[in-house]
Amino acid sequence: ESTPLAIDGILYFNAQNGFYAVDGVTGQQIWKKDANATTRRGLAYWPGDARTPGRLIGSTGTRLIALDLKTGFPVQGFGEDGTVEMGTQMASPPTIYKHLIITPGTTPLIRAWNARTGALVWTFNLIAQPGQPGHETWENDAWKTIGGTNVWGYLTVDNERGIVYIPNSIAGSDYVGVERPGNNAYGTSLVAVDAATGTLKWYQQLVHHDTWDYDLAAHPTLFDATINGRRIPAVAQIGKFGLLFMFDRVTGQPLFG
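By convention here, each chain's residues receive numbers from 1 onward along its written sequence. Local features in a predicted model are, by the rule used here, given only for residues with pLDDT of at least 70; side-chain atom pairs are given and counted only at 80 or more, and totals for whole chains, interfaces and linings are based on all residues. To get the side-chain values, all heavy atoms of the structure are used, and hydrogens and water are removed first.

### With respect to the nonpolar core
Joining through side-chain atoms within 4.5 Å is the link that ties buried Ala, Val, Leu, Ile, Met, Phe, Trp, Tyr and Cys residues into a set, and such a set is a nonpolar core. Think of it in three bands: residues with accessible area under 20% of the maximum for their type are buried, residues over 50% are exposed, and the middle band is partly exposed, with areas taken using a 1.4 Å probe on protein chains only. Among the nonpolar cores identified, the biggest contains 26 residues, and Ile 102, Ile 110, Trp 122, Phe 124, Trp 138 and Ile 166 are the most heavily contacted of them. What makes two residues a contact is simply this: any of their non-hydrogen atoms within 4.5 Å. Ignoring anything within four residues of it in the chain, the contact list for Ile 110 reads Ile 102, Thr 103, Pro 104, Trp 122, Thr 123, Phe 124, Leu 126, Val 151, Leu 155 and Ile 166. Ala 66, Val 75, Phe 78 and Ile 101 belong to the second-largest nonpolar core, a separate cluster that totals 14 residues.

### Observations regarding the packing of aromatic side chains
Note on ring pairs: Phe, Tyr and Trp rings are taken, using the six-membered ring of Trp, and paired if centres are within 6.5 Å. Classes follow the plane angle, with under 30 degrees stacked, over 60 edge-to-face and the rest tilted. With the rule as written, the count across this model stands at 10 aromatic pairs. Ring centres 5.9 Å apart and planes at 55° place the aromatic pair Trp 202 and Phe 247 in the tilted group. One end of the pair, Trp 202, is in strand 16 (residues 200-205); the other, Phe 247, is in strand 19 (residues 244-248), with 45 residues separating them in the sequence. You can call Trp 202 buried: its relative accessible area is 6%. Taking relative accessible area as the criterion, Phe 247 reaches 3% and is therefore assigned buried. Helical segments are the DSSP runs of H or I of at least four residues, strand segments are the runs of E of at least two, and each set is numbered from the N terminus.

### What to know about the sheet that holds strand 11 (residues 109-114)
Pairing within the open sheet is antiparallel, and its 4 strands lie in the order 9-10-11-12. Taken across any chain shown, the strands that pair with only one partner, and hence form the sheet edges, are strand 9 (95-97) and strand 12 (120-125). Between one strand axis and the next, the sheet turns by 20° as a mean value, whatever way the strands run. Strand pairing is defined by DSSP finding a minimum of two bridges between the two strands. With 4 bridges joining them, strand 10 (residues 100-103) and strand 11 adopt antiparallel strand pairing. Its bridge partner being in strand 11, Ile 101 is matched across the sheet by Trp 113. Helix axes are fitted only over the stretch in contact, all axes being lines through C-alpha atoms; the angle between N-to-C directions runs from 0 to 180 degrees.

### Remarks on the pattern of salt bridges
Salt bridges are identified by distance alone: a Lys or Arg side-chain nitrogen within 4 Å of an Asp or Glu carboxyl oxygen. This model, assessed by the stated rule, comprises 10 salt bridges. Across the pair Lys 32 and Asp 34 runs a salt bridge whose closest N-O atoms are separated by 3.1 Å. Overall, Lys 32 belongs to the partly exposed group, its relative accessible area being 33%. Given the relative accessible area of 56%, Asp 34 is considered exposed.

### Looking at unusual backbone geometry
The step from Ala 185 to Tyr 186 runs through a cis peptide bond, and the omega angle for that step is 10°. With respect to the helices and strands, the residue Tyr 186 is situated in the loop between strand 14 (163-167) and strand 15 (189-194). For Asn 184, which is not glycine, the phi torsion reads 65° and is therefore positive. Inspection of the secondary structure puts Asn 184 in the loop between strand 14 and strand 15. Overall, the relative accessible area of 1% leaves Asn 184 in the buried class. Positive phi is not limited to glycine here, since His 209 has a value of about 50°. Note on placement: His 209 falls in the loop between strand 16 and strand 17 (221-227).

Laid out in structure tokens, this is it:
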């Protein structure tokens, strides 16, 4: 399921047995880095800056890995020998914001890592914590023990406004919700977070107390809407249930009621 990256005439991609670079015209293999349990849907690319060369970002198992574009070797100076332990696996590649690598995962945590060093910068919990908006939607303190609320699809970032949009999955188990009374924020929600700090900006729960596995699988799509002559930066999210939701991407307010 890997989607290749095309960078300066070279295609970079991963498979179950490693990472590859091939000539984009001839298909000739340039290098291969052996690896197991790579991120299923592909790689991310950080273009670097004046101090640091660009690099590929992927994962093997629960470890985030940075690879040299020319050789495929792990980048020294990034974490420990080019890898960082995340404590979770990624089903889809991370998204890049400036010098940050923002990673989804199979646990209810979204994290941002320094693209140069691999250091953890911020963490956002996809289960509404005490003091956060939506915490009251967890009855009987179910937030302490529940699982789920993870991201296996793609994150989307608005680089101009510095907002990352998170399509979240169901809280707890599929098809039964007795162990988690309440609406269970931020389960099956579109969540907007400050990309630089990990601070919640807004959320919209598209299915309250989801029991039908209506995970938000598609990546959020950014577009501009014109309503009554006014141009509004917007974000669209489609779900498994056949409905398209459209919000003001800054405030989270619905565009059409």
